[in-house]
Amino acid sequence: MKIICVGRNYAEHAKELNNDVPTSPVIFMKPKSALLLPEKPLYYPEFTDDLQYECELVVRINKNGKFIQEKFAKKYYSEVSLGIDFTARDLQRDLQKKGLPWEIAKAFDGSAAVGNFVNLTPEMEIQKMNFQLKLNDETVQDGKTSDMIFHVDKIIAYVSRFFTLNIGDLVFTGTPSGVGPVNGGDKLEGYLEGNKVLTVEVK
Ligand code: MG
């Protein structure tokens, strides 16, 4: 499986990191070794002094596909959850300044935390969901999927032009504003439509 991520998919978040709002999706990937399964702790990596959380809606691909048309993209997923795109912001800033790839800042072990997946029911509209991230019981991110610049179906269509999508692949769809640092001992909890689906402790 692979983990496909979208950067800068919420205008307010692009602004908070002083990035331009993109005109086509910004895509990067994380390897399978980045996956942090539900309830597993993240050990603070030794190579960063600025580990940050980015809470995101995550879509699990349930059908293989290539060159998927946007109007058929909904047939390729049926479950969603929340995830945290953990980022070594200090490394990312240095790499960005030099115009270099982000992998060591974004794709390290444990950098793709996922929660428990929930089935999308016919009455749940993927672009009308809300989600929150709490850091030590305080809400630090409050997102609405309606604010995505590129909607999920558009992302799937775009990504599948370049990469075959396979069953089990995960798509991290970008973070809303409110990203920030974590420290050892912190507890992160993600709520999707009011239900807790994600817990990560930083050790
Ligand atoms: Mg992100």
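Remember, it's a predicted structure, so these values are computed and weren't measured experimentally.

**Q** Can you walk me through the sheet that holds strand E7 (residues 87–88) in this structure?
**A** Two orientations exist for strands paired in a sheet by backbone hydrogen bonds: parallel and antiparallel. If you trace the 3 strands from one edge of the open sheet to the other, you get E7-E4-E13, paired in antiparallel fashion. What marks the edges here is a single partner per strand, and that holds for E7 and strand E13 (180–181). Pairing of strand E4 (residues 51–53) with E13, which is carried by 2 bridges, proceeds in the antiparallel orientation. If you follow tyrosine 53 over to E13, its bridge partner there is glycine 180.

**Q** Would you take a moment to explain the environment of tyrosine 43 for this structure?
**A** With respect to the helices and strands, tyrosine 43 occurs in the loop between strand E3 (35–36) and E4. Distance from tyrosine 43 to glutamate 193, taken between C-alpha atoms, is 28 Å for residues 150 residues apart in sequence.

**Q** Where do I start with the coordination of the magnesium ion in this structure?
**A** Where a metal carries four tetrahedral donors, each ideal angle is 109.5 degrees; where it carries six octahedral donors, the ideal angles are 90 or 180 degrees. Of the protein atoms, only Glu54 (OE), Glu56 (OE) and Asp85 (OD) coordinate the magnesium ion, at distances of 2.0 to 2.1 Å. Mapping the donors of the magnesium ion onto the primary sequence gives the spacing E-x1-E-x28-D. There is no split in this pair, since glutamate 54 and glutamate 56 are both buried.

**Q** Honestly, unusual backbone geometry in this entry has me stumped. Any pointers?
**A** Peptide bonds are mostly trans, and most non-glycine residues show a negative phi. Phi angles above zero are rare outside glycine, and asparagine 18 is one such case at about 60°. Inspection of the secondary structure assignment puts asparagine 18 in the loop between helix H1 (11–16) and strand E2 (26–30).

**Q** Explain the nonpolar core here, please?
**A** One broad rule of soluble globular proteins: the nonpolar side chains tend to lie buried together. Of all hydrophobic cores here, the largest spans 45 residues; its most connected members are Leu57, Ile84, Phe86, Leu188 and Val200. Counting residues in hydrophobic clusters, the runner-up holds 11 residues, among them Cys5, Val58, Phe117 and Leu170.

**Q** Got a minute to help me understand the pattern of salt bridges in this structure?
**A** Where charged atoms from two side chains of opposite charge approach closely, those side chains can pair. Counted by the stated rule, this structure contains 12 salt bridges. Within the structure, one salt-bridge network assembled from shared partners comprises Lys30, Glu54, Asp85, Arg89 and Lys106.

**Q** Even after reading the chapter, I still don't get the packing of aromatic side chains, so can you show me in this structure?
**A** Describing an aromatic ring pair means giving the distance of the ring centres and the angle of the ring planes. Counted by the stated rule, this structure contains 4 aromatic pairs. Plain terms: the ring middles of phenylalanine 28 and tryptophan 102 are 5.2 Å apart, the flat faces sit at 65° to each other, and that makes the pair edge-to-face. Here phenylalanine 28, found in strand E2, pairs with tryptophan 102, found in the loop between helix H2 (89–98) and helix H3 (103–106); they are 74 residues apart in sequence, far enough to count as distant. The exposure class assigned to phenylalanine 28 is buried, which follows from its relative accessible area of 11%. What makes tryptophan 102 buried here is its relative accessible area of 16%. Pairing phenylalanine 162 with phenylalanine 163 gives two aromatic rings, centres 6.3 Å apart and planes at 50°, and the pair type is tilted. Aromatic ring contacts, followed pair by pair, group Tyr158, Phe162 and Phe163 into a single cluster. Of note, arginine 60 hangs over the ring of phenylalanine 117, and the distance from its end group to the ring centre comes to 4.2 Å. Note that lysine 66 overlies the ring of phenylalanine 67, its terminal NZ or CZ placed 5.0 Å from the centroid.

**Q** Sorry if this is basic, but what is going on with the environment of tyrosine 76 here?
**A** Its location among the elements puts tyrosine 76 in the loop between strand E5 (55–61) and strand E6 (77–85). A relative accessible area of 13% means that tyrosine 76 is categorised as buried. With 27 residues separating them in the primary sequence, tyrosine 76 and glutamate 103 have C-alpha atoms 27 Å apart. Each residue touching tyrosine 76, except ones within four places of it in the same chain, is listed here: Arg60, Ile61, Asn62, Lys63, Asn64, Gly65 and Ile68.

**Q** When you look at the side chain of glutamate 189 in this model, what are you seeing that I'm missing?
**A** Secondary-structure assignment places glutamate 189 in strand E14 (residues 187–192). Within polar-contact distance, the side chain of glutamate 189 engages the side chain of lysine 196 at 2.7 Å. Leaving out residues up to four positions away in the same chain, glutamate 189 has contacts with Gln132, Leu133, Lys134, Asp137, Lys196, Leu198 and Thr199.

Parameters and conventions
- Residues numbered from 1 in each chain as written.
- Predicted model: local features only at pLDDT ≥ 70, side-chain atom pairs only at ≥ 80, totals over all residues.
- Heavy atoms only, no water.
- Pairing = 2+ DSSP bridges.
- Helix = DSSP H or I, 4+ residues; strand = E, 2+ residues; numbered from the N terminus.
- Donors = N, O, S within 2.8 Å, 3.2 Å for Na, K, Ca; no water.
- Buried < 20%, exposed > 50% of the residue type's maximum accessible area, 1.4 Å probe, protein only.
- Core = buried A, V, L, I, M, F, W, Y, C linked by side-chain atoms within 4.5 Å.
- Salt bridge = Lys/Arg side-chain N within 4 Å of Asp/Glu carboxyl O.
- Phe/Tyr/Trp six-rings, centres within 6.5 Å; stacked < 30°, edge-to-face > 60°.
- Lys NZ or Arg CZ within 6 Å of the ring centre and 35° of its normal.
- Contact = heavy atoms within 4.5 Å.
- Polar contact = N/O pair within 3.5 Å; in protein donor to acceptor, adjacent residues only side chain to side chain.

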